[in-house]
Amino acid sequence: MINFAWPWLLLALPLPLLMYRLPAKTKAGVATLKMPTIIENVGGSATTAKKQHIPLILLSLIWLLFVLAGSRPQWLGDAVNIPTESREMMIAVDLSGSMKAEDMRLNGDLVNRLEMLKVVLGDFIERRVGDRLGLILFGDDAYMQTPMTYDRKTVKQMLDESVIGLVGTQTAIGDAVTLATKRFAEKEVSNRILLLVTDGRNTAGKITPDEALELAVNNNITIYTIGIGAGESAQNTLFRSQAISRIGNIGSASSFRDLDEKLLTEMADKTGGKYFLAESAEDMEEIYLLLDQLEPVEQEQQKMRPVSAMFYWPLSLALLISFGYILWLTLAPKFTKPE
């Protein structure tokens, strides 16, 4: 809907008409109110009555547009919910070589771990309305792919565009936790949540997991860890052997299921979070639903309407008509034949 910031200025619309209707003073009094010279210069004895009204119509239109611009018309959009406090969640995703393992079923098809993660984690990201989300990708090192933002669409897009091996084939868990902690420390927030998703153990990086964990504890960061795979307690199965044979470039069976559950559990326990083990896409979906309960989206209590200024439309039109009229007054006599 259209709204006016200064609607009282609209009272000035009939001002020229009131001045025109005021009775003229006699010679003994104040000088008679005269019409602008730009009106008097147009016409003459050969000018028709219709042409005599054109300047008055144009000037009235220009005055109308200027008054409308001065009243500051605005377009009010639909009401948007605003969270009552800031909630921040950093998501760290493992892109090491073992994420190529095709041991996850998604809609009946066998896919690798990253492809499953993109779909299920993408749905989780879309549900975090009102949260500021960030995305960290880690392998040999950890990189900030998306800084903290309310734009969930961009975060999901960056996740969808990630590929295995983009940041190396190893797993730098300590660097990922440290990078998230550093970004959290730059802002004053009410909730500091790190969601760490990996299928291995720390094999690279400049910061050890113990050092990173101590830093996270000191900065009041809650870490939820998700391990993808069967974990250290998994038994050898025929399916496991078949899966390993399909991804022979990954390496031995230990590297395929080399999930450090002890480390992930310790990180979650010491920061007040929780460790989850996901062996399927269904497990991941249940985990994210549980996370929605453990860290609910902040209740949206305040509303605001986005405001878009529109004053430049009548102002631009008024200036365009004014310049066009002045140009016509300047050039018209040159093309008019004298009688």
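Since the structure is predicted, the reported quantities are computational estimates derived from the model, not experimental observations.

Ordered in space as β1-β2-β13, the three strands form an open sheet in which the pairing is antiparallel. Strands with a single pairing partner mark the edges of an open sheet, and in this sheet they are β1 (2-4) and β13 (307-309). This sheet shows a mean twist of 35° between the axes of neighbouring strands, independent of strand direction. The pairing of strand β2 (residues 73-76) with β13 spans three bridges and is antiparallel. Across the sheet, the residue bridging to Q74 is A309, located in β13.

Our focus in this paragraph is the packing of aromatic side chains. In the structure shown here, the tally under the stated rule is four aromatic pairs. Aromatic side chains F311 and Y312 sit 5.8 Å apart centroid to centroid with 75° between the ring planes, which places their arrangement in the edge-to-face category. Since its relative accessible area comes to 41%, Y312 is described here as partly exposed. Geometrically, the ring pair formed by Y312 and W313 is tilted, given 5.6 Å between the ring centres and 40° between the ring planes. Accessibility expressed as a relative area gives 59% for W313, which makes it exposed. The ring centre of Y150 lies 5.7 Å from the NZ or CZ of R132, which sits over that ring.

With that settled, consider the side chain of S98. Residue position: S98 is located in the loop between β4 (88-94) and β5 (104-106). By relative accessible area, which is 10% here, S98 ends up buried. One polar contact links S98 to D199, side chain to side chain, over a distance of 2.8 Å.

This brings us to the sheet that holds strand β7 (residues 132-138). Pairing in this open sheet of six strands is mixed, and the strands run β8-β7-β4-β9-β10-β11 from one edge to the other. Both outer strands of the open sheet, β8 (142-149) and β11 (275-278), are each paired with one neighbouring strand and no more. Averaged over neighbouring strand pairs, the angle between their axes works out to 15° when direction is ignored.

Let us look at the pattern of salt bridges. Enumeration according to the criterion identifies twelve salt bridges in this entry. Two residues, E285 and R127, come together in a salt bridge whose shortest N-O distance is 3.7 Å. Of the two residues, E285 sits in helix α11 (residues 281-294) while R127 sits in helix α4 (residues 113-127), which places them 158 residues apart along the sequence. Between R127 and D292 there is a salt bridge whose closest N-O contact spans 2.9 Å. Pair noted here: R127 is in helix α4 and D292 is in helix α11, with a separation of 165 residues, a long-range link. Overall, the relative accessible area of 19% leaves D292 in the buried class.

Okay, the pairing of strand β9 (residues 192-198) next. Judged by how many residues are buried, β9 sits mostly within the fold: seven of seven residues are covered. Here β9 shows two buried faces, one formed by R192, L194, L196 and T198 and the other by I193, L195 and V197. In this sheet, β9 lies alongside β4 in parallel orientation, the contact comprising six bridges. Residue pairing in the sheet places M89 in a bridge with I193 of β9.

The next point concerns the nonpolar core. Judged by nonpolar contacts, the single largest core of 36 residues is most densely connected at V93, L117, L121, L195, I226 and Y288. With seven residues, the top contributor of residues to this core is α4. With 26 residues, the next largest nonpolar core counts A142, I173, L179 and Y275 among its residues.

As a further point, take the confidence of the model for the protein. Averaged over every residue, the pLDDT of the protein is 78; residues scoring 70 or more account for 75%. For residues 26-30, every residue scores under 50 in pLDDT, and the model assigns this stretch one contact once sequence neighbours within four places are set aside. The model gives residues 231-256 a pLDDT under 50, and that stretch makes 37 contacts with residues more than four places away or in other chains.

On to helix α12 (residues 312-331). With 20 residues, α12 should cover 28 Å at 1.5 Å per step; its first-to-last C-alpha distance of 28 Å lies within 8% of that length. All buried positions along α12 are accounted for by P314, A318, I321, S322 and Y325. For α12, the buried positions fall inside an angular range of 100° around the axis, keeping them on one side. Facing away from the buried surface of α12 by more than 90 degrees, the exposed residues are W313, L320, F323 and L327.

About the cut-offs
Residues numbered from 1 in each chain as written. Predicted model: local features only at pLDDT ≥ 70, side-chain atom pairs only at ≥ 80, totals over all residues. Heavy atoms only, no water. Pairing = 2+ DSSP bridges. Helix = DSSP H or I, 4+ residues; strand = E, 2+ residues; numbered from the N terminus. Axes fitted to C-alpha atoms, helices over the stretch in contact; angles between N-to-C directions. Phe/Tyr/Trp six-rings, centres within 6.5 Å; stacked < 30°, edge-to-face > 60°. Buried < 20%, exposed > 50% of the residue type's maximum accessible area, 1.4 Å probe, protein only. Lys NZ or Arg CZ within 6 Å of the ring centre and 35° of its normal. Polar contact = N/O pair within 3.5 Å; in protein donor to acceptor, adjacent residues only side chain to side chain. Salt bridge = Lys/Arg side-chain N within 4 Å of Asp/Glu carboxyl O. Core = buried A, V, L, I, M, F, W, Y, C linked by side-chain atoms within 4.5 Å. pLDDT = per-residue confidence, 0-100. Contact = heavy atoms within 4.5 Å. Expected span 1.5 Å × (residues − 1). Arc of directions from axis to C-beta.

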